[in-house]
Amino acid sequence: MKIKKKILISTIISILLIALIYVSDITNIPDSIILFKEEELNINTIFGISVKALETSNTDIDTAQSGEIIQASSGSYANKEESINIGINLFGIKVKEVSVNVIDDVEVVPLGGLIGMKLYTNGVLVVGMSEIYGQNNQVYRPYENTGIKEGDTITKINDEYIVSTEDMTECINASQGKEIKITYIHNNKTLETNITPIETDKNNYKVGLWVRDTAAGVGTATFYDKNTGKVAMLGHGILDVDTEELIDISDGKVTNTSVVSIIKGENGKTGRIQGIVEGQKEIGTISKNTYYGVYGKLYNMNEIKGNTSKSVKIALRNEIQAGEATLMCALDNGQVKEYTVEIQKIYLNNNSNNKSMLLKVTDEELLEKTGGIIQGMSGSPIIQNGKLIGALTHVLVQNPTQGYAVFSDIMVKQMNEND
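Rules used throughout
- Numbers given to residues run from 1 along each chain, matching the order in which its sequence is written.
- With the structure being a predicted model, the display of local features is reserved for residues of pLDDT at least 70 and the display and counting of side-chain atom pairs for 80 or more, all residues being used for whole-chain, interface and lining totals.
- Calculation of side-chain values draws on the structure's entire complement of heavy atoms; hydrogens and water are dropped beforehand.
- A run of H or I in DSSP counts as a helix once it spans at least four residues, and a run of E counts as a strand once it spans at least two, with each numbered from the N terminus.
- In this description, contact between two residues means that some pair of their heavy atoms is separated by no more than 4.5 Å.
- In plain words, nonpolar cores are sets of buried Ala, Val, Leu, Ile, Met, Phe, Trp, Tyr and Cys residues tied together by side-chain atoms within 4.5 Å.
- The classification of residues rests on relative accessible area computed with a 1.4 Å probe and restricted to protein chains. Under 20% of the type maximum is buried, over 50% is exposed, and intermediate values are partly exposed.
- Scored between 0 and 100, pLDDT is the confidence that the predictor attaches to each residue.
- Note that the arc is computed from the directions linking the helix axis to the C-beta atoms.
- By this definition, two strands are paired if DSSP reports at least two bridges between them.
- In this analysis, rings of Phe, Tyr and Trp, with Trp reduced to its six-membered ring, are considered paired at centre separations within 6.5 Å, and the interplanar angle assigns stacked below 30 degrees, edge-to-face beyond 60, and tilted for intermediate values.
- Only lysine NZ and arginine CZ atoms are considered, and such an atom sits over a ring when it is within 6 Å of the ring centre and within 35 degrees of the ring normal.
- A side-chain nitrogen of Lys or Arg and a carboxyl oxygen of Asp or Glu constitute a salt bridge if their distance falls within 4 Å.

**Quick look at the environment of L331**
Within the secondary structure layout, L331 lies in strand 23 (residues 323–332). Sequence separation between L331 and I262 is 69 residues; the distance between their C-alpha atoms is 8.1 Å. When sequence neighbours within four positions are dropped, the list of residues in contact with L331 reads V259, I262, I273, Y339, L366, K369 and T370.

**Comments concerning the nonpolar core**
Ranked by internal contacts, the top residues of the largest apolar core, which has 44 residues, are F223, L366, M377 and I382. Residue assignment for this core shows that the elements contributing at least two residues are strand 22 (312–314), strand 23, strand 24 (335–346), strand 25 (357–361), strand 26 (381–384), strand 27 (387–396), strand 28 (399–407) and helix 5 (408–416). With 6 residues, strand 23 is the largest single contributor of residues to this core. Residue contacts for I382: discarding those within four places in its chain leaves A325, T326, L327, I343, L359, K387, L388, I389, G390, A391, L392 and A405. Counting 21 residues, the second-largest nonpolar core is a separate cluster that includes L119, A215, I249 and L298.

**Some remarks on the confidence of the model for the protein chain**
Looking at the protein chain, pLDDT values average 82 and 86% of them are 70 or higher. Per-element averaging of pLDDT across the protein chain places helix 2 (residues 74–78) at the bottom with 32 and strand 26 at the top with 97. Confidence drops under pLDDT 50 across residues 55–81; counting only partners more than four residues distant or on other chains, this segment forms 57 contacts.

**With respect to helix 3 (residues 165–174)**
Listed in full, the buried residues belonging to helix 3 are M168, C171 and I172. Each buried residue of helix 3 sits inside an arc of 100° when the element is viewed along its axis, so together they form one side. Residues E170 and A174 are exposed on helix 3 and point more than 90 degrees away from its buried face. Taken together, the buried residues of helix 3 touch strand 6 (114–129), strand 9 (153–157), strand 10 (160–161), strand 11 (180–186), strand 14 (205–206) and strand 15 (209–224).

**A closer look at unusual backbone geometry**
Backbone geometry places N137, a non-glycine residue, at a positive phi of 70°. Along the chain, the position of N137 falls in the loop between strand 7 (132–133) and strand 8 (139–140). We note that N385 has phi near 50°; this positive angle belongs to a residue other than glycine. Along the chain, N385 turns up in the loop between strand 26 and strand 27.

**Observations concerning the pairing of strand 20 (residues 282–290)**
Within a regular strand, side chains alternate between the sheet's two faces. Alignment of strand 17 (residues 249–255) against strand 20, held across 4 bridges, turns out to be antiparallel. Residue T255 lies in a different strand from strand 20, and its bridge partner there is E282. Looking at chain direction, strand 20 and strand 21 (residues 293–298) are connected through 6 bridges and run antiparallel. When the sheet's bridge partners are listed, T290 is paired in strand 21 with G293. Hairpin connection, strand 20 to strand 21: the antiparallel pair is bridged by 2 residues.

**Some words on the packing of aromatic side chains**
Evaluation of the coordinates by the stated rule reveals 0 aromatic pairs. The ring of Y295 has K288 sitting right over it, with the charged end atom 5.8 Å from the ring centre.

**Some words on the pairing of strand 12 (residues 189–195)**
Of the pairings in the sheet, the one linking strand 11 to strand 12 comprises 7 bridges and is antiparallel in character. The residue bridging T183 from the neighbouring strand is E192, located in strand 12. The hairpin turn running from strand 11 into strand 12, its antiparallel successor, is 2 residues long, and N187 in that turn takes a positive phi close to 50°.

**Here we look at the pattern of salt bridges**
This model, assessed by the stated rule, comprises 9 salt bridges. The salt bridge involving K369 is made with E365; its shortest N-O contact spans 3.0 Å. Here K369 pairs with E365, and both are found in helix 4 (residues 364–370), just 4 residues apart, close to one helical turn. On the basis of relative accessible area, K369 is assigned to the partly exposed category, the value being 21%. In this structure E365 comes out as partly exposed when scored by relative accessible area, which is 34%. Residues joined by salt bridges that share partners form a network here, namely E131, R141 and E144.

**Brief notes about helix 5**
Extensive coverage of helix 5 is indicated by the burial of 8 of its 9 residues. Buried within helix 5 we find S408, D409, I410, M411, V412, K413, Q414 and M415.

Here you go:
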C-alpha cells in the first residue's frame, strides 16, 4: 500500500513538473514580435507545441513543430504594414496568440555623441537597510520580516503614491509611529506589507530603509530616427549601483555634457570618461530603460556634435561579417570621430543578452587616448559596409582592448516595442 502511494505521489509530482515546463515555455513566448522585412521568425519550442499562422492573417507562413525555425517568404511580409497573427498550439489546441509586426527597411542617423542622463524611478528604490536607535536607545529593525529586499521598489504608503524620497519621509512622519501599509514591487510582482515606524531621538520617525529616486550618468547616443524623433542610447540598461538591478523608471531627461577627463583603461582596471550632468541643458526625454539600451526622444539636435544629417540603413545579422568596422565616439571636445575596430565573433542566434558580437579596438589613436574601451563609450555606434551593425556595450576588464556590442536590429525593435 505504501509503495502504491509513493508511486502515485511521484506520478503526480512528475505530471506537475511537466505541466510547469509547458506553462513556462508558452509564457516565455512574447505576445508581440517585431521583424524586419525578409527576416526569419525564430521561435524555439518543446515537443507538443507548434506554431501556425491564423487563417485570418492571410499569409503563407510555414507551420513549425517543436525546435524548428518558422520561415515566411519575404513576399508575405514585405507588402504588409499591418500585423500578422500566429497561433501557439499545444497538441493541436490553440493556447496563445502572438502578433508579428513587420517593419520595412529602417534608416537612422548614427550619432556617437556624448550625452548626460537623469532617470527618475517609479516610486523609490530600496538600496539598503540599517538599524535604528529609538528614543529609549534600543536598537530596532522595523523592516525585518516584512519581505522587503534591496532592489525592491516602494510605490505606495497607505495607498498614497510615492514618487520621491521626500514623499516617503512625509508619509512616515505623518504616521506618528502607527503601523503603515507599504505597497512594493519585488521581482515584477506587486506585494503589500505592514511596518511600524520608530521614533528616533531627533523626534522624527524612521523605518530603517535607505531609498533612492533618481540616477544620473554619462553615456553615448547611438542613433536617431528623423521621422519620429526617437533616440537610442547606451546599448545596455542603467543599473542601480548598489543593487545592480535594472532601474524601473517613470521618465528621465537627456542633457548635453562636456568631458572633464579621460581615465585610461588597464588590464584588470576599467577606465572611464568623466563628464558633467548637473546644471547642463536639457535636450531630450527618456521613456524606457531596458537591458538593450535606453530610449527616448531628442528635440535639440544642435547640442549633438558630429554629422547629424547622414542616414544609414540598419544591417540584418546575416550581413555582418568578421573583420574591420568603425566605431563612432566623442573624446576630443565632444567632436565625434571614427576609429577602426575588428569584429572577432558574431553570435547570430543570441537574443538573450546584449553581447551579440565580440570586437577588438585596433585603432592606435583610440588605444593611445583610452587604452581601449572605457565607461562612457557604451552606445558608440558601429558601422560596417555603410550600415549600422550595432552599439558598444561592455568591456573585458582583463583586456580593455576587447569588448562586446549589441546588434542594431535589437535596439530598433526595443525602440519601437509597445508604441
